[in-house]
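Close look at the chain arrangement
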Amino acid sequence: MAGVTLSKVVKRFGSYEIIHGASLEVADGEFVVFVGPSGCGKSTLLRMIAGLESVTEGDVSIGGRVVNDVEPAERGVAMVFQSYALYPHMTVEQNLSFGLRMTGHDKADIARRVERTAGILRIAELLKRKPRQLSGGQRQRVAIGRAIMREPQLFLFDEPLSNLDAELRVQMRVELARLHKELGVTMIYVTHDQTEAMTLADRIVVLRDGTIEQVGRPLDLYNDPDNQFVAGFVGSPKMNFIPALVVEGDGRGVTVELAGQERTTRLTQPLAGPAPEPGSRVVVGVRPEHFGDAGKGDADLLVNVDIVEHLGGTSFIYASTAGDYGLVIQRDADGVADAAEITVSIRKSYLFDENGKRLR
Amino acid sequence: MRQRTQTAYAFLTPYLLIFLAFWIWPIINSFWLSFLNTRSANWTFNPRMTWGRLLVDPAFANALQNTLVILVIQVPIMIALATVLATLLNSPALKVRGLFRFAFFAPVVVGEVAYAAMFRLLFNEFGIINKMLAGIGLTTIPWLSDPNAAMAVIIIALTWRWAGYNAIIILAGLQSIPEDVYEAATLDGVSKVRQFFFMTLPLLKPVILLCVVLSVIGTMQLFSEPFLITNRGGPGQATETLGLFLYRQGFNAFNFGYASAVAYTIAALAIAISLLNLWLGRERE
């Protein structure tokens, strides 16, 4: 088993820079999820760890050893691909054992590993089938099985559940969590799905445009985002962003006026750091569940109800304001009245400056 | 709707009539002809003079043997070469890929007569090939007057003309194999050479089989090269193929009955060998 260290890793394709000096420590046995919108460089970063892409600058270390120039097969990693990448002309058993057979492993050892892997993933009855005779979920299991066969020190997953339907995705998510617990091996997992990230990760790495925006435990990212991007990316439905202007501020806090409200609506937040100048633009972030009953929070908002989604236990109100932004408001199912206009109160909010940086 | 169907058929009719007159009817008629003795003034039913003669005619046996020799030697060499070419063309390290692809495919679009004339010049007793052999101190070869050498010229010419064509088909097959399968194998520690033999070749099997079948059909009908390059199957009948033999019987000797029997034999052999290939290359469960 091994941890992974990225130090100032840069990737360029020609003159185009994809990764701009990423640094990260992944502890031995940790489950780390790289998350970010498509094109943010998360898969490239993963492929650099695997050795499928070269490192332009900086160092990638696995188990304390710099592996920049080490062949992929010598890095002790196994990877599961989004498309499964099974060998189409081989049976499941041959798929599992191919790598070991080709590298001259002992036959008895291969047979033992196949049996163990098939047991872990419950695919024993599929061993004689070919990939095209398997369902998506079964193929994914075989792909994971092929990774387990190598008994790697590090598992890499590149959006492994993207091609599965919603129900199967939830099921496989649970299985992956179980697998991590069972094997206790370091895992790095790439996804654009923040739910997968939140549910699987010990720590989440949020990437944007080739830069690591924030690293932290799922709930830390959720409760204490460093910037507007992370705040918006983590959590579903997304955090609401309300444009605002600073009215006054001192060493203790700041008062802002929310845009797009018919009545003047002000909100005051304590700040540890310096307050922005009066007149500067800021953004107030409010999570859907942080709206409460009128009069019971920091500021009251009058909004028009467009659509209400009843999910049973909770309801989501899609509302519009006099400004050009909409809001998603989460309420208990029995707290939603059939009204065209409602007043909600902001119970908890986050402040971001013009560049999206969190004001604390 | 009916009106529209009629219009469609009206437009198709000229083609269908020609198709009927120059394709379907000759095929049917030649089958009937293959049972007739066409050497007498009145054509009479006498399969012994046609189908029966196939079994005892040494010239037919020679043509069949020549064709099979070309088939057995040329097709495997060409397909192997085409596979290697396709792999090279597919290599990410290759620059100006489009140019190479065009260069390998170009022989197919060169006119047959022009290409045959070039090969006659190249392999002429005083041609550049012999000049080169002499230049590096080897003995020259009477390419077009020695039976074995003439056969070699035919095989070389065919390979030059068709290897690129097959390579392009195989290249299409190669490009349909997803890249991540190779990446998975690389991570599995499988060497490039083993990836080629244990992954690329098995995955290319259907495409290679297609190329083999197309080449078998082409070789069974082989006509232009021995007609043009080795001057009507020369020296003697050393490079006479079934196609050439058919031509000689039909259009030199005007023995249409016998020529028809030969034509049907060629078709039957092409089908039989192709089916054998498909059967040998079938997917075994």
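Just above sits the structure.
Quick look at the structure, then. This structure is a prediction, so every number in the text was calculated from the model and none was measured.

All names here are of chain A. Taken as a whole, this structure holds 28 salt bridges over all chains when the rule is applied. For Arg208, the salt bridge identified is with Glu213, shortest N-O distance 3.4 Å. Of the residues examined, Arg208 reaches a relative accessible area of 32% and is grouped as partly exposed. A single salt-bridge network, built from bridges that share partners, covers Asp109, Arg112, Arg113, Arg116 and Glu151.

With that out of the way, let us pick up the interface of chain A and chain B. Counting residues at the interface gives 24 residues for chain A, matched by 18 residues for chain B. With both sides pooled, the region where chain A packs onto chain B buries about 1,800 Å², and carbon together with sulfur makes up 62% of that total. Area buried by chain A at its contact with chain B is led by Tyr87(A), His89(A) and Met102(A), which between them contribute 29% of it. Taken together, chain A and chain B are joined by one salt bridge. As a salt-bridge pair, Glu183(B) and Arg47(A) come within 2.5 Å of each other at their nearest N and O atoms. For the pair chain A and chain B, the interface holds six residue pairs in polar contact (both at pLDDT 80 or more). Elements that contribute at least two residues to the side of chain A that touches chain B include exactly α1 (42-50), β6 (77-80) and α2 (92-102) of chain A. In terms of residue count, α2(A) provides more of the side of chain A that touches chain B than any other element does, three residues in total. Within the side of chain A that touches chain B, the residues separate by chemical class into 14 nonpolar, five polar and five charged.

All names here are of chain A. If you trace the six strands from one edge of the open sheet to the other, you get β13-β12-β11-β14-β20-β21, paired in antiparallel fashion. Among the strands making up the open sheet, the edge pair consists of β13 (266-270) and β21 (358-359). Judged from the two bridges that link them, strand β20 (residues 350-352) and β21 form a sheet pairing that is antiparallel. Bridge assignment links Phe352 to a residue of β21, and that residue is Arg358.

So, about the sheet that holds strand β16 (residues 299-310) of chain A. One key point about sheets: their strands pair by backbone hydrogen bonds, in either a parallel or an antiparallel sense. All names here are of chain A. Pairing is antiparallel in the open sheet, where five strands are placed in the order β15-β19-β16-β17-β18. Bordering the open sheet on either side are β15 (291-293) and β18 (326-332), each of which pairs with just one other strand. Going from strand to strand, the sheet's axes swing by 55 degrees on average, the running direction of each strand aside.

Calculation rules
Residues numbered from 1 in each chain as written. Chains lettered and ligands numbered in written order. Predicted model: local features only at pLDDT ≥ 70, side-chain atom pairs only at ≥ 80, totals over all residues. Heavy atoms only, no water. Salt bridge = Lys/Arg side-chain N within 4 Å of Asp/Glu carboxyl O. Buried < 20%, exposed > 50% of the residue type's maximum accessible area, 1.4 Å probe, protein only. Contact = heavy atoms within 4.5 Å. Buried area = accessible area lost by both parts, 1.4 Å probe. Polar contact = N/O pair within 3.5 Å; in protein donor to acceptor, adjacent residues only side chain to side chain. Helix = DSSP H or I, 4+ residues; strand = E, 2+ residues; numbered from the N terminus. Nonpolar A, V, L, I, M, F, W, Y, C, P; charged D, E, K, R; others polar. Pairing = 2+ DSSP bridges. Axes fitted to C-alpha atoms, helices over the stretch in contact; angles between N-to-C directions.

What is shown is where atoms sit, not what they do.
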